[in-house]
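Listed below, chain by chain, are the residues.
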Amino acid sequence: ARVDAVICLSREALRLARQRFPALERCPGHVVPHGHYRESYPNTLDPTEARRRLGLDAETAVILHFGLLRPYKNVPHLIATFAEAALPDAVLLIAGKPFDAQVQSEVEHAAMGVEGVRLELRYVAPDDVQLYFLVADLVVLPYQRILNSGAALLALSFARPVLVPDKGSMVEHRADFGADWIRLYEGELSTHDLRTALDWAQSGKRVRPDIDH
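No experiment lies behind these values; they were computed from the predicted model shown. Residue indices follow the written sequence of each chain, beginning from 1 at its first position. Under the rules for a predicted model, residues below a pLDDT of 70 receive no local features and side-chain atom pairs below 80 are neither given nor counted, while totals for whole chains, interfaces and linings still include all residues. As a convention, hydrogens and water are excluded, and side-chain values are obtained from all of the structure's heavy atoms.

Moving on, we come to the packing of helix 3 (residues 75-85) against helix 4 (residues 101-111). Here helix 3 crosses helix 4 at 5°, and the two axes come no closer than 9 Å. Relative to helix 4, the element helix 3 is oriented roughly parallel. Residues Val75, Pro76 and Ile79 of helix 3 form the contact with helix 4, whose own contacting residues are Glu106, Val107, Ala110 and Ala111. The class makeup of the residues in the contact of helix 3 with helix 4 is 6 nonpolar, no polar and 1 charged. Lines fitted to the C-alpha atoms define the axes, with helices restricted to the stretch that makes contact. Angles between their N-to-C directions range from 0 to 180 degrees. Secondary structure counts use DSSP, requiring at least four H or I residues in a row for a helix and at least two E residues in a row for a strand, with both numbered from the N terminus. An angle counts as roughly parallel when it lies under 35 degrees, as roughly antiparallel when it exceeds 145, as roughly perpendicular when it falls between 65 and 115, and as oblique in every other case. Contacts: residue pairs with any heavy atoms within 4.5 Å of one another. Polar here means any residue other than Ala, Val, Leu, Ile, Met, Phe, Trp, Tyr, Cys and Pro, which are nonpolar, and Asp, Glu, Lys and Arg, which are charged; Gly is therefore polar.

So, in structure tokens, the structure goes:
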């Protein structure tokens, strides 16, 4: 009853808020889009230099998952899917601090014995964020639930294509930023989703995504 107006990060978020709380229909609703990060992190390195610093060959396809590791982000399933996909000459790079000891244990257990998985389970300093995105061919966010995503906007800020579930605001992001940059999958991430997304990410040249709005 005290609300005078509603601000959301996306049109879908506003729709869902009003669906969940019908009283909000009486209030003005505004969308202030999730901002980008182009001026928030350094982006000064050449991708070749970034790969050298991380010890990655130029020919290696890099699939990146980046950010604080929480249970809903579904990282053990991503590792299992990568293992089953048996992608030749590919690395799954997981960079970010686990939320707690249980998450760390589950991620480490899932990665045990899986060739091509590289774990960087730590806080990534702002100056080092560029290292991980500049080496990435594809950023994968296999979240079990998602509305908005700072990680997706961070990937677009570094002009890296993103694979995300068709949930929350991700469909809207694909409409806003284009199918060259946002690829959606239905249900649980599958080996087919991962293989075809990597082929998609590596095919052709892309015009830098327009995220200024």
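Counting buried positions along helix 6 (residues 150-157) yields 7 of 8 residues, so the element is predominantly enclosed. Working definition: with a 1.4 Å probe on protein chains only, accessible area under 20% of the residue-type maximum means buried, over 50% means exposed, and in between means partly exposed. Among all positions of helix 6, only Ala151, Ala152, Leu153, Leu154, Ala155, Leu156 and Ser157 are buried. Regarding helix 6, its N-cap is Ser149, as a side-chain oxygen of that residue lies 3.4 Å from the backbone nitrogen of Ala151 further along. After helix 6 finishes, the residue Ala159 shows a positive phi value of roughly 55°. A 3.5 Å cut-off defines polar contacts: any pair of N or O atoms within that distance qualifies, except that in protein one atom must be a possible hydrogen donor and the other a possible acceptor, and neighbouring residues in sequence count only when both atoms are side-chain atoms.

With that out of the way, let us pick up the pairing of strand 3 (residues 61-66). For strand 3, the buried fraction is high: 6 of the 6 residues fall into the buried class. With strands facing away from the observer, any crossover in which the path from the first strand over the helix to the second runs clockwise is taken as right-handed. One crossover worth recording links strand 3 to the parallel strand 4 (residues 90-95) by way of helix 3, and it is right-handed. Two strands pair under a simple rule: DSSP has to find at least two bridges between them. Alignment of strand 3 against strand 6 (residues 138-140), held across 2 bridges, turns out to be parallel. What sits directly across from Leu64, in strand 6, is Val139.

Look at Asn74: it is not a glycine, yet its phi comes out positive at around 65°. Under the relative-accessibility criterion, Asn74 is labelled buried at 7%. Although it is not a glycine, Ala159 sits at a positive phi angle of roughly 55°. Positionally, Ala159 belongs in the loop between helix 6 and strand 7 (162-165). Given a relative accessible area of 22%, Ala159 falls into the partly exposed group.

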